[in-house]
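Descriptive analysis of the structure
Below are the chains, spelled out letter by letter.
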Amino acid sequence: MTVHFIGAGPGAADLITVRGQQLLARCAVCLYPGSLTPADLLAHCPPDARLVDTADLTLDEIVAELVGAHEAGADVARLCSGDPAVYSAVAEQMRRLDAAGVPYDVTPGVPAFAAAAATLKRELTVPTVGQSVILTRTQARSTAMPEGEDLATLGKSGATLALHLAVNRIEQVVAELLPHYGADCPAAVVAQASQPGETVLRGTLGDIAAQVREAGITRAAMILVGRVLAAENFPDSFLYSASRERSARGS
């Protein structure tokens, strides 16, 4: 039997992948993050599936559920909000499953930063404006950031930033980025992207913190910072350029 780590997407039930939905439909056990998983998504599980909310479980308790289901001969769906590759805490679960000899696979999902960009109707890689996106977070009560990955250091690149788990420290984010991006740099906050309670704030580094506080946003939000958010006068991409050499059709 196999443990399936499945990216549940940013929140909307219909933003899970077809593969993820099909796996949910055949797994006898499903572990899910309660506060981040819509009921409509769990409706894809078999009617008699055992559903386990992991919101109040420790890592050891979660792994015990995974191993126990495997030993009982059941396939297990382990839902992860967004995409398992980013801030999903699957690495330590996989490490323990490896030690226990339990097989697993991973199905990607729509990450939160992509859902936020879609809501904003913005491409995050715009020709001559920005071609790099840094996914990062800030440190509060969470695990310490590695040396050299603080915002002041990352901000020196001038790249587009997508910040997870940072909206509660929006003033500190702004303070660390202002010297590198300037107060006029476009910034946006998207809370609960793709969900019924979605909230979108658009502004600059100079005013985004005040907007966040006025809106009362405290969780489940992405912060995006970069010139690409307001780019207009940029050249067309070379991808579809008429001057680009193309292979002969039908060859």
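Scope of this entry: the structure provided in the associated data block.

Thresholds applied
- Residues numbered from 1 in each chain as written.
- Predicted model: local features only at pLDDT ≥ 70, side-chain atom pairs only at ≥ 80, totals over all residues.
- Heavy atoms only, no water.
- Helix = DSSP H or I, 4+ residues; strand = E, 2+ residues; numbered from the N terminus.
- Buried < 20%, exposed > 50% of the residue type's maximum accessible area, 1.4 Å probe, protein only.
- Contact = heavy atoms within 4.5 Å.
- Salt bridge = Lys/Arg side-chain N within 4 Å of Asp/Glu carboxyl O.
- Pairing = 2+ DSSP bridges.
- Core = buried A, V, L, I, M, F, W, Y, C linked by side-chain atoms within 4.5 Å.
- Axes fitted to C-alpha atoms, helices over the stretch in contact; angles between N-to-C directions.
- Arc of directions from axis to C-beta.

1. Examining the overall build of the protein
In terms of helices and strands, the protein carries eight helices and ten strands. Considered along the principal axes of its C-alpha atoms, the protein spans approximately 60 × 55 × 35 Å. Here the protein holds 251 residues, and the buried ones make up 42% of them. Of the contacts formed within the protein by residues at least 6 apart in sequence, a portion of 69% connects residues at least 24 apart.

2. Some points on the pattern of salt bridges
Tallied over the full model, the rule gives four salt bridges. Across the salt bridge formed by R50 and E65, the nearest N and O atoms sit 2.7 Å from each other. One end of the pair, R50, is in strand β3 (residues 50–53); the other, E65, is in helix α3 (residues 59–71), and 15 residues separate them in sequence. Looking at R50, the relative accessible area reads 44%, which means it is partly exposed. Its salt-bridge partner being E171, residue R213 comes within 2.8 Å of it at the nearest N-O pair. Residue R213 is found in helix α8 (residues 208–215), and its partner E171 is found in helix α7 (residues 170–181); the two are separated by 42 residues along the sequence.

3. Topic: the pairing of strand β8 (residues 186–191)
With six of its six residues buried, β8 lies for the most part within the structure. Residues P186, A188 and V190 of β8 are buried on one face, and the alternating residues A187, V189 and A191, pointing to the opposite face, are buried as well. Across six bridges, β8 lies against strand β9 (residues 199–204) in antiparallel orientation. Along β9, the bridge assignment pairs A187 with G203.

4. Structural notes on the nonpolar core
Looking at soluble globular proteins, one finds that nonpolar side chains tend to be buried together. Formed by 23 residues in total, the largest nonpolar core has its most connected members in L177, V189, L205, I217, I223 and V225. Of all the secondary-structure elements, those providing two or more residues to this core are β7 (160–164), α7, β8, α8 and β10 (221–225). No other element matches the five residues that α7 contributes to this core. Contact partners of L205, with chain neighbours within four places excluded, come to V174, L177, L178, Y181, G182, A183, C185, A187 and V225. One finds L31, V63, V67 and A74 within the second-largest nonpolar core, a separate group that totals 17 residues.

5. Some remarks on the side chain of T136
Summarising the element assignment, T136 is placed in strand β6 (residues 133–137). You can call T136 buried: its relative accessible area is 3%. Apart from residues no more than four positions distant in its own chain, T136 is found in contact with Y87, M145, E149, L151, L154, A162, L163 and H164.

6. Comments concerning the sheet that holds strand β4 (residues 76–80)
Read across the sheet, five strands follow the order β3-β2-β4-β1-β5 without closing on themselves; strand pairing throughout is parallel. On the outer flanks of this sheet lie β3 and β5 (104–107), each paired with one strand and no other. Averaged over all neighbouring strand pairs, the angle between strand axes comes to 20°, with direction disregarded. Of the strand pairs in this sheet, strand β2 (residues 29–32) and β4 are connected by three bridges, and their pairing is parallel.

7. Digging into unusual backbone geometry
Backbone geometry places K121, a non-glycine residue, at a positive phi of 55°. Assignment of secondary structure puts K121 in the loop between α5 (112–120) and β6. Positioned with a positive phi, L165 is a non-glycine residue whose angle comes to about 50°. Looking at the secondary structure, you find L165 in the loop between β7 and α7.

8. A look at α8
Buried within α8 we find I208, A209 and V212. The buried residues of α8 occupy one face: seen down the axis, they fall within an arc of 105°. Across from the buried face of α8, at angles greater than 90 degrees, the exposed residues are A210 and E214. Tucked into the core, α8 has its buried residues touching α7, β8 and β9. G216 lies just past α8 and shows a positive phi near 70°.

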